[in-house]
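Here are the chains, one letter per residue:
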Amino acid sequence: MIARSRAIPLSQHTQQRLLEILPGALTWFALLVPVVTAFAIRLNDPGMLWILGAGAVLLDAYWLVRTTVTVRGVRRTLKALNATEAVDWWKRCEEFEAARPDGAPAPSEVVQCALIPTYTESYEVLHATVAALAAQNYPEHLRVCAIITRETDTGGIENVARLRAEFAASFRLFLHIKDPLLPGIVVGKSAAMAYGGPVLKAACDELGLDPSRTMVTDLDSDFRLHPQYFAYMTLQFCMADDRLVSIWQPVPVFLNNIWRVPTAVRVMATAATQWQMFLHQNPHRLVMFSSYSMSLDLLAGVGYWDSDVIPEDSRFFWKAFFHCGGKLNTRPAFLPVYGDAPRARSYTATHKSQYNQIKRWAWGATDIPYVISRMLTHPEIPWRLRARRFSNLIFNHLTWATLPILLFFGGALPAFIDLDYSLSPTSAFLGSLSASILTITLLNTLLLVQVDYRICPKPQEWPWWRRRWAELQLFTYPVVGLALSVIPALEAQTRLMFGAYLEYHVTEKG
């Protein structure tokens, strides 16, 4: 008799947990391999430690190339932003409508909706956001403002009532959506949007709006749209042949309160802004972040946002990607949307809030299990596109939590574990070569300082030395980034690996 063994199928929960372990396992593998290799070489043939030193030099060279490419992308986006902001886009809309091609919607038919979730946001911050919508260079009857509060948020409900009294006349519809926090949700922005999206769709249907002629902007409650945003977005929408499978991502600029936050938070806000500027030159890597716009037709077709996740923006991108069969087009919108950097009631709390915000962004590593489980079930999407998008996802989260640590400590590792090697000519040569490459890399920061100078003017009342000092503070990014970006990313992936799931915490701003 031949015994035949049967493989026991893994439960769905077990499969999910294995996929959740993957991101953190890859990260810790990348961090520990150099250490284990160094000790293995030290115990067997210390003379071969130069291999690790050479590896560190190659990593430094890669960092030089990467920062150079990033700086070029940031500068190109800055140029594009300046050119876009100088245009009267509603006038362009009128010109387009007068000679629009067959099949293209007329700009006068496109309704722009802003869907804004809010909780614990101060009235002043929310007022500035709605005021920016009311100040849009766009006809009032083509604007809709929808604000989501929790049913139990008495302060938020009062704030919306005050805003409605002041601004309702500036919109075709001023909608207040009260979220009851349904059972089974993960409380946070994504759940609020998941509830608010269908309510907004129903309200638009009552108004007789065509979903294929209606755009929805997912707008953070502290984000202020550029005055030309609706007009610019309308023209881009009307001109795009694939408008119903496109999502537009503006440049998030965290500068509203930049001179009221500590140095470290200011440095992180500047870095986040410039990274998004770089991504705008690489649409194939662009994933929705914070605030973005799409047609109501696409939003409803995708099934709105998920109610059981924290990173609502990136998860919505992946839902749309698999829904559209690879036809989804993520388009850069070269206009800024102005947001707040974290700012709490105390110096310590502000840094903690910044740390938690980055950790929440890094929780986007939960997209990796989500994508893996769907990669092979969508053969209609070209495999090259699936592979490219997935490899970008893995690469971004892996390098986020590992690359700065390896750059900081990788070159010093061989000398640290073997004193004789540290005194050798080989070690001295590789060390000086590494230092030279990193020094050249640091010069790229001067170009980023120039970008910061142009996009973020210093207060006029500041003396010249204080302005220069603020610019020099950007050079602290290697240390600040390690503390407030790399470590929270590493914590997020490690928590996911061990099943210590993150809870949504509102970032204090103001």
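Residues numbered from 1 in each chain as written. Predicted model: local features only at pLDDT ≥ 70, side-chain atom pairs only at ≥ 80, totals over all residues. Heavy atoms only, no water.

**Q** Provide a residue-level description of the packing of helix α1 (residues 12-44) against helix α12 (residues 367-375), including the pertinent values.
**A** Contact geometry for α1 and α12: axes closest at 8 Å, N-to-C directions at 125°. The orientation of α1 with respect to α12, classified from their angle, is oblique. The chirality of how α1 crosses α12 is right-handed. The segment α1 lies against α12, with Q16, L19, E20, L22 and P23 engaging I368, P369, I372 and S373. (Axes fitted to C-alpha atoms, helices over the stretch in contact; angles between N-to-C directions. Helix = DSSP H or I, 4+ residues; strand = E, 2+ residues; numbered from the N terminus. Parallel < 35°, antiparallel > 145°, perpendicular 65-115°, else oblique. Left-handed = near helix turned anticlockwise from the far one by under 90°. Contact = heavy atoms within 4.5 Å.)

**Q** Explain the packing of aromatic side chains to me, using residue names and the numbers behind them.
**A** Tallying each qualifying case throughout the model produces 20 aromatic pairs. Where F408 meets F409, the ring centres are 5.8 Å apart and the plane angle is 50°; that geometry is what we call tilted. Residue classification places F409 among the partly exposed positions, given a relative accessible area of 48%. Linked through ring pairs, W90, Y138, Y229 and F230 together constitute an aromatic cluster. Above the ring of Y370, the side-chain terminus of R315 is found at 4.2 Å from the ring centroid. (Phe/Tyr/Trp six-rings, centres within 6.5 Å; stacked < 30°, edge-to-face > 60°. Buried < 20%, exposed > 50% of the residue type's maximum accessible area, 1.4 Å probe, protein only. Lys NZ or Arg CZ within 6 Å of the ring centre and 35° of its normal.)

**Q** For the pattern of salt bridges, give the residues involved together with the corresponding values.
**A** Inspection of the entire model under this criterion finds 15 salt bridges. E20 is the partner of R17 in a salt bridge, and the nearest nitrogen-oxygen pair spans 2.6 Å. One end of the pair is R17 and the other is E20, both in helix α1 and 3 residues apart, which spans about a single turn. You'll find R17 and E20 in the same group, each marked buried. (Salt bridge = Lys/Arg side-chain N within 4 Å of Asp/Glu carboxyl O.)

**Q** Describe in detail the side chain of D222, supporting the description with residues and values.
**A** On the secondary structure map, D222 appears in the loop between β4 (214-218) and β5 (224-225). Take D222: its relative accessible area is 4%, and that puts it in the buried class. Among the polar contacts made by the side chain of D222, one reaches the main-chain amide nitrogen of D340 at a distance of 2.9 Å. (Polar contact = N/O pair within 3.5 Å; in protein donor to acceptor, adjacent residues only side chain to side chain.)

**Q** Before we move on, can you summarise the layout of surface pockets with the specific residues and values?
**A** Counted as a void, the second largest pocket has a volume near 570 Å³. The set of elements that each furnish at least two residues to the lining of the second largest pocket consists of α1 and α12. Of the residues in the lining of the second largest pocket, the class split is 10 nonpolar, 5 polar and 5 charged. (1 Å grid on protein atoms, 1.4 Å probe; cavity = no way out; pocket = protein on both sides within 12 Å on 5 of 7 lines; lining within 4 Å. Points joined across faces, edges and corners; volume = space filled by probe spheres on them. Nonpolar A, V, L, I, M, F, W, Y, C, P; charged D, E, K, R; others polar.)

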